[in-house]
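Residue strings, one per chain:
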Amino acid sequence: MSGPVHDPDPVRRRERGLRRVGTATRRTATAATAAALLLGAGYAHVLPGVSGPAQTTTGAS
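Cut-offs used in this document
- Residues numbered from 1 in each chain as written.
- Predicted model: local features only at pLDDT ≥ 70, side-chain atom pairs only at ≥ 80, totals over all residues.
- Heavy atoms only, no water.
- Helix = DSSP H or I, 4+ residues; strand = E, 2+ residues; numbered from the N terminus.
- Buried < 20%, exposed > 50% of the residue type's maximum accessible area, 1.4 Å probe, protein only.
- Areas by Shrake-Rupley, 256 points an atom, 1.4 Å probe, with all protein chains shown as cover.
- Salt bridge = Lys/Arg side-chain N within 4 Å of Asp/Glu carboxyl O.
- Patch = residues over 30% accessible without salt bridge, like charges linked within 9 Å, V, L, I, M, F, W, Y side chains within 5 Å.
- Lys, Arg positive; Asp, Glu negative; His and termini not counted.
- Charge placed at Lys NZ, Arg CZ, Asp CG, Glu CD.

Asks: Would you mind going over the overall build of the chain with me for this structure?
Replies: In terms of helices and strands, the chain carries 1 helix and 0 strands. Split into buried and exposed, the 61 residues of the chain put 3% on the buried side. Accessible surface, the chain: about 6,000 Å² in total, of which carbon and sulfur atoms supply 63%.

Here it is, written out as structure tokens:
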């Protein structure tokens, strides 16, 4: 198993590190968004009496 490649050029090392952090940030944000949507859908499904659109009654009483 080989270790990380040590590039003597500091600019390339910085760019590679920034790319790696950016990728990790995008993946984390995507996972958090998906989890929030799934949890929201799950909670909305579990709430009693909120399964359909709001009903309004119009008429004389």
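More follows now that the structure is in view.
Asks: So what exactly am I meant to see when it comes to the pattern of salt bridges here?
Replies: A side chain with one charge can pair with a side chain of the opposite charge if their charged atoms come near. What the rule picks out here adds up to 2 salt bridges. A salt bridge links Arg12 to Asp9; the shortest N-O distance between them is 3.9 Å. By relative accessible area, which is 30% here, Asp9 ends up partly exposed. A salt bridge links Arg14 to Glu15, with the nearest nitrogen and oxygen atoms 3.3 Å apart.

Asks: Looking at this model, I keep getting lost on a positive patch on the surface. Mind explaining?
Replies: A cluster of basic residues, Arg13, Arg16, Arg19 and Arg20, forms a positive patch on the protein surface. If you trace the backbone, Arg20 turns up in helix α1 (residues 10–46).

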